[in-house]
Amino acid sequence: MGFSGLKKILGAAAVGALVFLVPTVAMTQDMGEKAIQTRQGFMKLVIWEAGPLFGMAKGEVPYDAEAAKMHAANLQTLSHYPYPGLFPAGTSNADFPGKTEALPKIWEDMNGFNQAFKDFQAAAAALAEAAGNGQEALTGAVAGLGKACGGCHKPYREQKS
């Protein structure tokens, strides 16, 4: 086989590789966007459940023991979601500008990020224990949840000015 034949084979191989590579790159981009959308949906659920609790703790919403227990139980359940699947590598705001506020620091400090999520789990459990025990107990537990949320958002989420 001469040089010309080798060029044809290599050219065909390159085209063949592109046929497989382009969909893979597109699929990777699509999976990253889906992961971002899913984790944003997860955070919306957390906010949906936490919002009334924060309102009750601040006195902006009348304290309701049953509603507080329900929202706190839902938060505790959410805290056990297998969150690492929501944070695949390559889905930071550096990878997807304008689509996420997740800082690359998450993947640079995965131990710290995992600890922050464990702190959220512990705060959600404490909140579930306290929620039905009166507004004062709820207020203290909500403060713990707020601290846990800030412990993740401050170092690992882009701060908007």
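Structural data are supplied above this passage.
Residues numbered from 1 in each chain as written. Predicted model: local features only at pLDDT ≥ 70, side-chain atom pairs only at ≥ 80, totals over all residues. Heavy atoms only, no water.

S.K.: So what exactly am I meant to see when it comes to the overall build of the protein chain here?
M.R.: Looking only at helices and strands, the protein chain has five helices and zero strands in total. N-terminal to C-terminal, the α/β element order of the protein chain is α-α-α-α-α. Relative to its 161 residues, the protein chain shows a buried fraction of 29%. Sequence separation of at least 24 residues holds for 69% of the intrachain contacts in the protein chain that already meet a minimum separation of 6. (Helix = DSSP H or I, 4+ residues; strand = E, 2+ residues; numbered from the N terminus. Buried < 20%, exposed > 50% of the residue type's maximum accessible area, 1.4 Å probe, protein only. Contact = heavy atoms within 4.5 Å.)

S.K.: Explanation requested: the environment of Ala-123 in the structure shown.
M.R.: Tracing the sequence through the fold places Ala-123 in helix H4 (residues 110-130). With near-sequence residues (within four places) excluded, Ala-123 lies in contact with Gly-144, Leu-145 and Ala-148.

S.K.: Hey, could you run me through the packing of aromatic side chains in this one?
M.R.: Each pair of aromatic rings is reported with the distance of its centres and the angle of its planes. Following the criterion strictly, the structure yields seven aromatic pairs and no others. The interplanar angle of 65° and the centroid separation of 6.1 Å between the aromatic rings of Tyr-83 and Phe-113 together place this pair among those described as edge-to-face. Highlighted residues: Tyr-83 in the loop between helix H2 (65-78) and helix H3 (105-108) and Phe-113 in helix H4, separated in sequence by 30 residues. For Phe-113, a relative accessible area of 4% corresponds to the buried category. With a centroid separation of 5.4 Å and 65° between ring planes, the pair formed by Phe-117 and Phe-120 is classed as edge-to-face. (Phe/Tyr/Trp six-rings, centres within 6.5 Å; stacked < 30°, edge-to-face > 60°.)

S.K.: How should the packing of H4 against helix H5 (residues 135-156) be read in this particular structure?
M.R.: Axes are the key here: two packed helices are described by the angle between their axes and the distance separating the axes. It is the contact of H4 with H5, at a shortest axis distance of 9 Å, that shows an interaxial angle of 165°. Classed by the angle they form, the pair H4 and H5 counts as roughly antiparallel. For the crossing formed where H4 meets H5, the hand is left-handed. Judged by residue contacts, Gly-112, Phe-113, Ala-116, Asp-119, Phe-120, Ala-123, Ala-124, Ala-126, Leu-127 and Ala-130 of H4 engage Ala-137, Leu-138, Ala-141, Val-142, Gly-144, Leu-145, Ala-148, Gly-151, Cys-152 and Tyr-156 from H5. For the contact of H4 with H5, the residue count by class is 16 nonpolar, three polar and one charged. (Axes fitted to C-alpha atoms, helices over the stretch in contact; angles between N-to-C directions. Parallel < 35°, antiparallel > 145°, perpendicular 65-115°, else oblique. Left-handed = near helix turned anticlockwise from the far one by under 90°. Nonpolar A, V, L, I, M, F, W, Y, C, P; charged D, E, K, R; others polar.)

S.K.: Help me understand H2, please; the structure alone is not making it clear to me.
M.R.: Quick reminder: α-helices carry 3.6 residues per turn. Residues three or four places apart thus point the same way. With 14 residues, H2 extends 20 Å from end C-alpha to end C-alpha; this agrees with the ideal 20 Å at 1.5 Å per step. By the burial criterion, the buried members of H2 are Ala-67, Ala-68, His-71, Ala-72, Leu-75 and Leu-78. The buried side chains of H2 occupy one side of the element, clustering within an arc of 125° when seen end-on. Away from its buried face, by an angle of more than 90 degrees, H2 presents the exposed residues Glu-66 and Thr-77. (Expected span 1.5 Å × (residues − 1). Arc of directions from axis to C-beta.)

S.K.: Is there a simple way to think about the side chain of His-71 in this case?
M.R.: Within the secondary structure layout, His-71 lies in helix H2. Discounting chain neighbours no more than four positions away, the residues touching His-71 are Trp-48, Glu-49, Pro-52 and Leu-53.

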